[in-house]
Amino acid sequence: MNSHFPWFILGAPLVSAFVILLFTRGAHKLSASISVGAVFFAFVASVFAFLGPDTHDAISWIDLGDSLRLNIGVTVDALSKVMLLVVTGVGLLVHLYSTVYMGRDESEGRFFGCLSLFMFSMLGIVLADNFAMMFIFWELVGVSSYLLIGHWFTRDSAAEAAKKAFLTNRIGDFGFMIGILMLWSLTGAVGFAELREKLPLATYTPTFMTVAALAIFCGAVGKSAQVPLHVWLPDAMEGPTPVSALIHAATMVAAGVYMLARVFFVMQLSATALTVIAVIGVVTALLAALMATQQDDIKRILAYSTLSQLGYMVMAVGLAAPGAAMFHLFTHAFFKALLFLGAGAVIHALHHEQDIWRMGGLSARMKWTFRTFAVGTLALTGCPFLAGFFSKDAILLAAYQKSLPIFALALLTAFLTAFYMTRLVVVAFLGKARTHEAEHGHDGPAAMTGPLLILGVLSVVAGWSFIADRALGPEIVHGLHEMHGAGGAGVVMTLATLAFLVGTAGGWLLYTGAARDPILIPVFRDKFYFDELYAALIAGTQDVLGSATSWFDKWILDGVIVRGLSGATWGLGFVLRFLQWGNLQAYAFLFGVGVVGLMYLLVFRP
Amino acid sequence: MTLTLNDYLLVSGLLFAIGFAGVILRRNIIIIFMCLELMLNAANLSLVAFSRFHVGANGLPNYNAQVLVFFIITVAAAEVAVGLAIIVALYRARQTTHVEDINSLKF
């Protein structure tokens with residue numbers, strides 16, 4: 001295996017997307033097969049890349065001498081290896097699941113084409129060896145996310161959600177671009193390896209580096225849906241559920257965290273930036289968990305949970321523990337994809353019912369879905385010895401060692417996570433069926449339950465050290481071990497377990513047998529009025545800008561420039577035409593006077 | 001008493017002033033036309049005078065000015081032809097040669 005090998009991982013989904021979108025879109029089953037085949041190929045190739053050595057291969061794209069050299073390159077190192085496995089592995093399972101879930105959709109071909117496009121873009125981010133290439137794929141991921149959220153574009157809410165996701169992401173991406181340009185202006189390099197060499201030699205003020213790091217962080221805020229740009233992710237649930245599982249839970253939203261881990265050597269140059277990142281992360285984690293406690297839509301609960309977990313990861317980066325963030329990203333991808341696919345199975349069985357209060361009693365009839373969903377829930381909430389427990393523990397430990405206030409908020413979030421996930425499971429799966437549909441729910445076919453089972457197993461074992469250590473690579477593992485040695489591990493583990501137990505018990509006691517939500521907290525239910533605030537803010541800004549522009553147009557452009565100019569010309573002409581009174585001899589006289597005047601000026605004056 | 005350049009220029013200036021006064025004050029367009037010719041000839045007179053009093057190293061006057069005078073006479077003849085033709089046409093159109101009656105070129 002040589003260093004050209006990773007190009008095949010990148011190429012397979014691209015070819016698939018190309019073929020499907022251009023030629024076989026109408027042939028649904030063929031398109032699905034091509035797409036699944038491509039992702040299977042990419043998965044197998046990723047496994048080989050994972051087992052093989054670290055490689056790097058690049059072709060020159062733009063070369064303008066020393067000022068700018070852009071490469072299209074693929075890097076396989078410890079960081080991208082684990083992401084490759086997660087993206088192609090979860091991607092493969094979601095593709096398989098989609099063949100059933102989208103089996104009767106009238107534009108199944110387009111769906112699989114876009115899914116392949118997404119896989120291509122996401123793998124591009126993972127393999128990118130420089131900022132410019134990462135940015136291009138970053139945008140491509142945004143486009144494919146837009147296309148997939150708006151898959152059912154005839155529904156207004158889906159079209160709106162797609163637009164919202166794209167525009168919100170663009171705001172973050174703009175900051176990302178500024179950050180890249182700032183680093184480039186400082187060093188003249190955009191490659192990660194080059195920057196790593198040149199940044200220590202460069203001279204800059206602390207403020208410059210803080211601004212640059214935070215600008216780059218903006219990209220992660222948009223893509224990983226951190227406060228204040230988190231508003232798009234819950235709405236993105238308008239897309240098909242497999243898309244929510246793959247893109248808006250396991251991979252794309254994790255791209256922000258991956259990027260932060262990849263460029264952590266830039267982030268750590270500014271302590272201020274790290275603090276801001278940690279605070280934004282913990283605020284996102286807490287706010288999203290609070291919002292999740294009062295949602296009724298099964299997918300929205302999971303979406304807020306995703307937000308909350310992403311907040312954890314970002315917080316870990318801010319606490320200078322990108323290894324812990326990558327660990328949580330790794331485990332989270334499995335159990336969150338599992339939860340979404342489980343939710344999809346429920347929605348599929350109940351004929352597109354998403355309100356958990358119209359479900360209930362599903363555990364008896366959807367045995368496998370329930371079991372795997374329960375495993376995913378336990379993994380997410382941090383049940384000891386499941387995947388989420390270890391990774392969350394690592395993040396909490398980092399918080400405990402760096403900052404106690406952040407640790408307290410993170411612990412509160414862990415408690416809330418256990419609470420709202422228990423609420424979801426108890427209300428949707430246990431008790432009595434509340435509607436006719438819920439009485440007739442049933443497990444999906446093998447292509448649906450198969451991925452659930454595989455992800456269920458992974459959600460249990462992904463955190464165990466003999467798997468996690470192998471997947472994350474020696475560097476991250478070494479960092480995690482060092483952190484464990486630094487003290488506080490016992491306290492944190494006890495408190496985290498306690499938070500899990502209290503949260504689960506609270507949810508269990510409060511919601512068992514409940515027919516309606518016993519607590520109503522409007523401010524959580526209404527998502528802290530972020531959407532309303534933004535709507536008012538945007539409408540207000542537009543009004544002010546609009547009236548200012550209108551005033552300028554009316555008085556300056558139309559008034560002074562257009563009417564003023566024509567009016568002045570007309571007025572001058574009106575005055576001057578009184579000189580034309582039609583008497584020939586008067587003209588001659590004036591002419592003579594003029595000549596005399598001119599001669600006086602020319603000859604006698606100076 | 002010898003005549004100097006100033007004397008010629010004085011006469012020329014007087015002729016020009018008379019012509020100009022005629023152009024401004026007279027009402028008949030033909031008289032105005034004649035006065036115009038008077039002004040041209042005033043110019044001719046000063047040109048000839050300049051020629052006569054601008055003697056070069058070889059003792060001859062500067063003939064350039066006199067050549068210019070011939071040109072002016074030629075052009076004036078052509079101008080008279082055109083001018084009179086315009087006046088005839090004007091008379092046919094308006095039945096008058098008085099400038100006060102010809103004042104329609106205004107706003």
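Scroll up a little and you will see the structure.
Residues numbered from 1 in each chain as written. Chains lettered and ligands numbered in written order. Predicted model: local features only at pLDDT ≥ 70, side-chain atom pairs only at ≥ 80, totals over all residues.

**Student:** Got a sec to walk through the overall build of chain A? Specific residues and values, please.
**Tutor:** Secondary structure summary: chain A contains 27 helices and 2 strands in total. For chain A, the spread of C-alpha atoms along the three principal axes comes to 115 × 60 × 55 Å. In chain A, which comprises 606 residues, the proportion classed as buried is 51%. Within chain A, counting contacts between residues at least 6 apart in sequence, those at least 24 apart form 82% of the total. (Helix = DSSP H or I, 4+ residues; strand = E, 2+ residues; numbered from the N terminus. Buried ≥ 20, exposed ≤ 12 C-beta atoms within 10 Å, placed from the backbone. Contact = placed C-beta atoms within 7 Å.)

**Student:** Now, about the pairing of strand β2 (residues 69-76) of chain A: what can you tell me, with residues and values included?
**Tutor:** Along any regular strand the residues' side chains alternate between the sheet's two faces. All names here are of chain A. Of all 8 residues that make up β2, 6 are buried, and the element is covered over most of its length. As paired strands, strand β1 (residues 55-63) and β2 are joined by 8 bridges and run antiparallel to one another. Within the sheet, the bridge partner assigned to Ser 60 lies in β2 and is Asn 71. Hairpin connection from β1 to β2: 5 residues lie between these consecutive antiparallel strands, with Gly 65 at a positive phi of about 70°. (Pairing = 2+ DSSP bridges.)

**Student:** Provide a residue-level description of the nonpolar core, including the pertinent values.
**Tutor:** Counting residues in each nonpolar core, the largest one holds 207 residues, and the members touching the most others are A:Val257, A:Met315, A:Ala316, A:Ala337 and A:Ala410. Counting residues in each nonpolar core, the second largest holds 5 residues, with B:Val23, B:Ile29, B:Ile32 and B:Phe33 among its members. (Core = buried A, V, L, I, M, F, W, Y, C linked by C-beta atoms within 7 Å.)

**Student:** Which residues make up helix α24 (residues 489-511) of chain A, and what are the values?
**Tutor:** Residue and element names in this part refer to chain A. Look at α24: 33 Å from first C-alpha to last across 23 residues, which is about the 33 Å you get at 1.5 Å a residue. Listing the buried residues of α24 in full gives Val 492, Ala 496, Ala 499, Phe 500, Gly 503, Thr 504, Gly 507 and Tyr 511. The elements touched by buried residues of α24 are α17 (367-381), α18 (387-402) and α19 (404-429). (Expected span 1.5 Å × (residues − 1).)

**Student:** Any chance you could break down the interface of chain A and chain B for me, citing the residues and the numbers?
**Tutor:** At the junction of the two partners, chain A supplies 10 residues and chain B supplies 10 residues. Grouping the constituent residues of the side of chain A that touches chain B by class yields 4 nonpolar, 5 polar and 1 charged. (Nonpolar A, V, L, I, M, F, W, Y, C, P; charged D, E, K, R; others polar.)

**Student:** Just give me the short version of the packing of α18(A) against α24(A), but keep the residues and values in it.
**Tutor:** Residues and elements named next belong to chain A. Between α18 and α24, the least distance of the axes is 9 Å, while the angle of their chain directions is 125°. The angle between α18 and α24 falls in the class oblique. In this structure, α18 meets α24 at a crossing whose hand is right-handed. Contacts between α18 and α24 involve Lys 392, Asp 393, Leu 396, Leu 397 and Tyr 400 from the first element and Ala 489, Val 492, Met 493 and Ala 496 from the second. Residues that form the contact of α18 with α24 fall into these classes: 7 nonpolar, no polar and 2 charged. (Axes fitted to C-alpha atoms, helices over the stretch in contact; angles between N-to-C directions. Parallel < 35°, antiparallel > 145°, perpendicular 65-115°, else oblique. Left-handed = near helix turned anticlockwise from the far one by under 90°.)

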